[in-house]
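Single-letter residue listing:
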2 protein chains.
Amino acid sequence: MSTIRGARERARIEVTAAIKDEARKQLAAEGAARLSLRAVARELGMVSSALYRYFPSRDDLLTALIVDAYDAVGEVAEGARATAEQARPHPAPHVERWVAVAGAVRGWALAHPHEYALIYGSPVPGYSAPMDTVGPASRVGLVFIDLVRDAFRADGLAVPRLAPELRPEAERITADLAPDLPPPAVLALVAAWAQLFGLISFELFGQFNRLVEAREPLFRLAAGELARSVGLRGTPAG
Amino acid sequence: MSTIRGARERARIEVTAAIKDEARKQLAAEGAARLSLRAVARELGMVSSALYRYFPSRDDLLTALIVDAYDAVGEVAEGARATAEQARPHPAPHVERWVAVAGAVRGWALAHPHEYALIYGSPVPGYSAPMDTVGPASRVGLVFIDLVRDAFRADGLAVPRLAPELRPEAERITADLAPDLPPPAVLALVAAWAQLFGLISFELFGQFNRLVEAREPLFRLAAGELARSVGLRGTPAG
DNA sequence: CAAAAGCAAGAGCACTGCTCTCGTTATTGT
DNA sequence: ACAATAACGAGAGCAGTGCTCTTGCTTTTG
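Predicted, not measured: the structure shown is a model, and the values here were computed from it.

Enquirer: Account for the overall build of chain A, naming residues and giving values.
Expert: Along the backbone of chain A there are 11 helices and 0 strands. Put simply, chain A runs from its N terminus to its C terminus through helices and strands in the order α-α-α-α-α-α-α-α-α-α-α. Projected onto the principal axes, the alpha-carbon positions of chain A cover approximately 60 × 50 × 45 Å. Burial status across chain A gives 47% buried among its 238 residues. Taking the contacts inside chain A whose residues are at least 6 apart along the sequence as the reference set, 72% of them involve residues at least 24 apart. Per element, the accessible surface of chain A, about 11500 Å² overall, is 53% carbon and sulfur. For chain A, the distance from the average site of its 27 positive side-chain charges to the average site of its 28 negative ones is 3 Å.

What follows is the structure, encoded as structure tokens:
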């Protein structure tokens, strides 16, 4: 299965990892647009053509970095949820768990701006997300779904009202994502999910420059309201 | 002032416009990353070095396109507001004016995805927005501010509650943007503004692929709730 | 009418992604 | 154990990029 069969296979794994590490370093330093295959190879002491034995093209390297970034932010979100769940002495209200997860995602984004831009900014390569990315891409979303499910089971949800025309869409999405949850809440969750990343993107991409100073409190405020719009209950004043 | 003084000056203006037009064409076709100075020059029948008489670098060309894009979407927003204002037989409720403006911005984004990505996606060039862009960049925001001001004067605002810690920030931003409006509403407006573009970006950048089908209704729903979060009043059911 | 400034063209530099070939080395099947 | 096969690293090379510099020419200016 995952047993390493020989020196060749072992070396391949190590070289692949080294390439990705160096590429990630250049990504963090210069951004995706300035990431250069040749520079990566140069830094690793290989010749550029050798690198093509590991990644068939620059876009494939970028795709690998995209997958890793999705996994990294997904892991951060999962960790934040676990931490918020085990808060002592009392378990945190669900709105605050939501805010904690959202804040963790924002923190990761601020710490890794170029990786964030890679996955939540404009699509860089040939404008089609490969299938490899859809799994890791949904990890953060799943965290929010699980969180809402917990809230639903513990306290119930203040299910938002829904226009009749959106009813079928809400049911379709609910069947896909979380058949055990109320469709209006799932639809609100999808919208809240997008809006959450809107806040992060605006902050990160400079739209708040010379305008908003207290960014973290504003983010927490908005995230809390989004949680309530999904139906979560928490402390009244945010 | 703006009188054209000679053939040389006239030619410069025309050539500059031609370069921007061709660049915009390539931008729409291939995206900002693949926009090539040499290709633009080639298509215009000039040699690449001649193009540097008009734009000192590729980034400056991109900056010019950014400014134009901000102006274009700003104009669309202003037009949508004017149209919604003059609706007959009855003037539209303010929530619906907000939704109309937001929908117009979304429509422009869907029609010009690469230009939208240029201004609201990840920052492409050396990661610092030049001063030339801040004016045009605020046009859309100003439309929303004006719209909220109209609503405030006509019907008043259902001013959202605000945590005390955010009070100073809200007052600072209000002094900058719209001193005549209630600070909590201005702060909510800033947050709503970011969230609105989060919805558009997620749709445009493929995050809704294989998930959301009825995107326009969902957008209108979320936009309406954002309007209400700022304090606007409208028809109850959205 | 001469000096100055603006302009297009071309050559050239350093860089990019990517392909192809050519020895070398490790893995595999007999 | 040995030969066939596949993977590998190195190098040369192609077409393309942004950008600079020099060289003549033309328009504008004093």
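Enquirer: Provide a residue-level description of helix α9 (residues 167-177) of chain B, including the pertinent values.
Expert: Residue and element names in this part refer to chain B. Listing the buried residues of α9 in full gives E169, A170, I173 and T174. Projected down its long axis, α9 shows its buried positions confined to an angular sector of 130°, all on one face. With respect to the buried face of α9, the exposed residues turned more than 90 degrees away are P168 and A175. Those residues of α9 hidden inside the fold are in contact with α10 (183-204).

Enquirer: A description of the packing of helix α1 (residues 7-30) of chain A against helix α6 (residues 113-120) of chain A should follow, citing residues and the corresponding values.
Expert: Residue and element names in this part refer to chain A. Running from N to C, α1 and α6 cross one another at 95°; their axes reach a closest spacing of 7 Å. When the axes of α1 and α6 are compared, the pair comes out roughly perpendicular. Residues R24, L27, A28 and E30 of α1 lie in contact with α6, whose contacting residues are H114, E115 and L118. Taken together, the residues that form the contact of α1 with α6 break down as 3 nonpolar, 1 polar and 3 charged.

Calculation criteria
- Starting afresh in each chain, residues are numbered from 1 along the sequence in its written order.
- Chain letters and ligand numbers both follow the written order, the letters beginning at A and the numbers at 1.
- Under the rules for a predicted model, residues below a pLDDT of 70 receive no local features and side-chain atom pairs below 80 are neither given nor counted, while totals for whole chains, interfaces and linings still include all residues.
- Processing note: side-chain calculations cover all non-hydrogen atoms of the structure and skip hydrogens and water entirely.
- Numbering of helices and strands runs from the N terminus, with a helix taken as a DSSP run of H or I at least four residues long and a strand as a DSSP run of E at least two residues long.
- Three exposure classes are used, based on accessible area relative to the maximum for each residue type with a 1.4 Å probe and protein chains only: buried under 20%, partly exposed in between, and exposed over 50%.
- Two residues form a contact once any of their heavy atoms are found within 4.5 Å.
- A 1.4 Å probe and the Shrake-Rupley method give the accessible areas. Residues count as covered only by the protein chains that appear here.
- Counting rule for charge: Lys and Arg are taken as positive, Asp and Glu as negative, and neither His nor the chain ends is counted.
- Throughout, a charge is located at the NZ atom of Lys, the CZ atom of Arg, the CG atom of Asp or the CD atom of Glu.
- Throughout, the arc means that of the directions going from the helix axis to the C-beta atoms.
- Axis definition: a line fitted to C-alpha atoms, limited for helices to the stretch in contact. Angles are taken between N-to-C directions and run from 0 to 180 degrees.
- Orientation labels follow simple angle bins: below 35 degrees gives roughly parallel, above 145 gives roughly antiparallel, 65 to 115 gives roughly perpendicular, and whatever is left gives oblique.
- Throughout, the ten residues Ala, Val, Leu, Ile, Met, Phe, Trp, Tyr, Cys and Pro are labelled nonpolar, Asp, Glu, Lys and Arg are labelled charged, and all others, Gly among them, are labelled polar.

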